[in-house]
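# Reading the structure
Read off the chains here:
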Amino acid sequence: MPLFVIERNFAEQLDMSPDEVNELEDINADEGVSWLFSFLSADKHRTYCLYEAPSPDAIIAAAARAGIPADAVIEVSRITADTFR
C-alpha cells in the first residue's frame, strides 16, 4: 500500500481525547486509510503524519469527514540505512 506524509496546520493547539482518536480511526478505516504515526511540532500547531492509503483522495476524504486539515499530502517511499547496504 502506498505511503503518504500529511502536513496539518492547526489554528489551535492540537489536543485529542481518546474518544476523538477512536472516532478518527473509525473514519480512516471506512476510507481504507491507516494512520501509522505522527510528529507534533514543539508549538503543537503542526503535525507531520505517516499514513498508508490507497490514494491521496482517500486521505483527503477521511480528513474532511473528521473535520481536520490535510494541508499537504505527499506520496513517499521508505528509505533506511539498510536500503543502501
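Heads up: the structure comes first, above all this text.
Residues numbered from 1 in each chain as written. Predicted model: local features only at pLDDT ≥ 70, side-chain atom pairs only at ≥ 80, totals over all residues. Heavy atoms only, no water.

For the rest of this paragraph, the subject is the overall build of the protein. Each helix and strand in the protein was counted, giving two helices and four strands. When the helices and strands of the protein are placed in sequence order, the string is β-α-β-β-α-β. Long-range contacts, defined as pairs at least 24 residues apart, comprise 70% of the intrachain contacts of the protein with a sequence gap of at least 6. In the protein, the 6 positive side-chain charges and the 16 negative ones have mean positions that sit 9 Å from each other. (Helix = DSSP H or I, 4+ residues; strand = E, 2+ residues; numbered from the N terminus. Contact = heavy atoms within 4.5 Å. Lys, Arg positive; Asp, Glu negative; His and termini not counted. Charge placed at Lys NZ, Arg CZ, Asp CG, Glu CD.)

Below, the discussion takes up a negative patch on the surface. Taken together, Asp15, Asp19, Glu20, Glu23, Glu25 and Asp26 make up a surface patch of like negative charges. Take aspartate 26: it is sitting in helix H1 (residues 18–31). (Patch = residues over 30% accessible without salt bridge, like charges linked within 9 Å, V, L, I, M, F, W, Y side chains within 5 Å. Areas by Shrake-Rupley, 256 points an atom, 1.4 Å probe, with all protein chains shown as cover. Salt bridge = Lys/Arg side-chain N within 4 Å of Asp/Glu carboxyl O.)

As a further point, take the side chain of serine 41. As for its placement among the helices and strands, serine 41 is situated in the loop between strand S2 (34–40) and strand S3 (46–52). Taking the relative accessible area as the measure of exposure, serine 41 reaches 11% and is therefore buried. (Buried < 20%, exposed > 50% of the residue type's maximum accessible area, 1.4 Å probe, protein only.)

Another point: the layout of surface pockets. Space inside the largest pocket adds up to approximately 380 Å³. Together, 18 residues line the largest pocket, and Phe10, Leu14, Met16, Leu24 and Ile68 are the ones closest to its centre. Residue classes in the lining of the largest pocket are distributed as 11 nonpolar, three polar and four charged. (1 Å grid on protein atoms, 1.4 Å probe; cavity = no way out; pocket = protein on both sides within 12 Å on 5 of 7 lines; lining within 4 Å. Points joined across faces, edges and corners; volume = space filled by probe spheres on them. Nonpolar A, V, L, I, M, F, W, Y, C, P; charged D, E, K, R; others polar.)

Relative to S3, strand S1 (residues 3–9) runs antiparallel, the two sharing seven bridges. For phenylalanine 4, the partnering residue across the bridge sits in S3 and is tyrosine 51. (Pairing = 2+ DSSP bridges.)

Attention shifts here to the sheet that holds S1. Sheet architecture is open: four strands sit in the order S2-S3-S1-S4, paired in antiparallel fashion. If you trace the sheet from one side to the other, it starts and ends with S2 and strand S4 (72–76), each paired once. The average angle at which neighbouring strand axes cross in this sheet is 25°, direction not considered. Packing of helix H2 (residues 56–66) onto the sheet brings it into contact with S1, S3 and S4, and relative to S1 it is tilted by some 35°. (Axes fitted to C-alpha atoms, helices over the stretch in contact; angles between N-to-C directions.)

None of the figures reported here should be taken as evidence of function without further support.
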